[in-house]
Amino acid sequence: MRRVCALCGRETDILIEGLCPDCYRKTHPLVRVKRDFVGIVRCPSCGAVLYRGRWVKDNKVIEKLILESLDYLGKVSSTSIESLELRYGLTTAIVRVRGTVHDLIKEYEEEAPVKVRYSEELCPRCRDMVNEKERAIVQVRSIVPINDHLRRLVIDITRKEAMRGEERSGFLRIDDVQGGLDIRLSDQGLARAIAYRIHKTLPSRVLESQSVVKGRGDKVITKLTISVVVVPVGRGSVIMYLNKPYYVLGYSQGTFRVLDLSSNETVNVRVGDLIRHGISIPKYEATCIEKGNTRALEVIIGSERYMINNAC
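Residues numbered from 1 in each chain as written. Predicted model: local features only at pLDDT ≥ 70, side-chain atom pairs only at ≥ 80, totals over all residues. Heavy atoms only, no water.

Trainee: Can you walk me through helix α4 (residues 148–162) in this structure?
Mentor: In an α-helix, one turn spans 3.6 residues, which is why side chains three or four residues apart end up on the same side. Here α4 contains 15 residues, and its C-alpha end-to-end distance of 21 Å stays within 8% of the 21 Å for a straight helix at 1.5 Å per residue. Residues of α4 that are buried: L150, V154, I157, T158, E161 and A162. Take α4 and look down its axis: the buried residues cluster within an arc of 130 degrees, on one side only. Exposed and oriented more than 90 degrees from the buried face of α4 are D148, H149, R152 and K160. Sitting at the amino-terminal end of α4 is N147, which places a side-chain oxygen 3.3 Å from the backbone nitrogen of H149. (Helix = DSSP H or I, 4+ residues; strand = E, 2+ residues; numbered from the N terminus. Expected span 1.5 Å × (residues − 1). Buried < 20%, exposed > 50% of the residue type's maximum accessible area, 1.4 Å probe, protein only. Arc of directions from axis to C-beta. Polar contact = N/O pair within 3.5 Å; in protein donor to acceptor, adjacent residues only side chain to side chain.)

Trainee: Sorry, what's going on with the sheet that holds strand β19 (residues 265–270) here?
Mentor: Backbone-to-backbone hydrogen bonds join strands into a sheet, with any given pair of strands oriented parallel or antiparallel. Sheet architecture is open: 5 strands sit in the order β19-β18-β17-β16-β20, paired in antiparallel fashion. The open sheet has two edge strands with one neighbour each: β19 and β20 (279–280). For strand β18 (residues 255–260) and β19, the ladder comprises 6 bridges, and the chain directions are antiparallel. Bridge pairing in β19 places V258 opposite V267. (Pairing = 2+ DSSP bridges.)

Trainee: In this structure, what is going on with the side chain of T91? I would like to understand it.
Mentor: As for its position among the elements, T91 is in strand β9 (residues 89–100). Owing to a relative accessible area of 6%, T91 belongs among the buried residues under this scheme. A polar contact is formed between the side chain of T91 and the backbone oxygen of E85, at a distance of 3.5 Å. In contact with T91, other than residues within four places in its own chain, are E85, V114, K115 and V116. (Contact = heavy atoms within 4.5 Å.)

Trainee: Would you mind showing me how to read the packing of aromatic side chains here?
Mentor: For any two aromatic rings, the description comes down to two numbers: the centre-to-centre distance and the angle of the planes. Across all of its chains, the model carries 2 aromatic pairs by this definition. Between Y251 and F256, the aromatic rings sit 4.6 Å apart at their centres with planes inclined by 50 degrees, giving tilted as the arrangement. For F256, a relative accessible area of 1% translates into the label buried. In this arrangement the basic side chain of R25 is found over the ring face of Y108, its NZ or CZ atom lying 3.7 Å from the centre. (Phe/Tyr/Trp six-rings, centres within 6.5 Å; stacked < 30°, edge-to-face > 60°. Lys NZ or Arg CZ within 6 Å of the ring centre and 35° of its normal.)

Trainee: Explain the pairing of strand β13 (residues 180–185) to me, please; I cannot follow it from the model alone.
Mentor: Consecutive side chains of a regular strand alternate in pointing toward one face of the sheet and then the other. The buried fraction of β13 is high, at 6 of 6 residues. Where strand β11 (residues 136–142) lies against β13, 6 bridges are found, and the strand directions are antiparallel. Along β13, the bridge assignment pairs V140 with L181. Taken together, the 6 bridges between strand β12 (residues 171–177) and β13 define a ladder with antiparallel strand orientation. Note that in β13 the partner of I174 across the bridge is I183. As consecutive antiparallel partners, β12 and β13 are separated by 2 residues, and within that stretch G179 has a phi angle of approximately 90 degrees, a positive value.

Right, here's the structure in full:
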């Protein structure tokens, strides 16, 4: 039995609340726009977008902002932004939505025009970089005199971490100071990444502290200081520790395995103990020599000679 639509007067086999499917669709949209416009603020320097009060570097954030402005009134199976041109001022993004507002109506597509207000401003990190505002310092110190190799290694680690990914870094500069290097940054996250990488690369101890540089109301600006004290010795090094000579056999998880050359005893020494008591690198000669049917390492420190079996 064919029935008549109350709105358009056409005969139809399907009536939904007195309306044919076409009129029901017209009076019951699949989607509606909840806001007058969507504000998109983007940093022109690094590309970060302001999202819920935070600066986010994600290519899908702009799409999220637009889709979050929609209220879905039916069953939606897919959404896509058909056209979007970001330019200063107001523009319109067209969102294509596929779904249905009723089980008796097959899926169809509907377009929703979303007004977008686009603007640009520097994010806090890039603004600090432009103003060279220091927010963190990594103080790298060595318990033995720092040499060119160690200096180049720290600089290389800093450069790689600062250039990681496509993000612009918060690196400001590296200063040569007595006993090591000061790495000055405008980004505290980058400071922690550099300190962690140095710690993973070299035996070291890391200490972190925060100080308040500015405070107004609920907003507090802090400066991060990370102290990285490195012990740049490894397997095969000869060191003086507590006035005794030691040969370094290896390093693992914050502990050195060393051979006491005076007693030929193997002991474990923690990085913290070496830093606390200090070490020095003596002038020495190391030569592999034949000793019976085996080869041994002869270490000469001044007038003292030491033999280390199975070290060659």
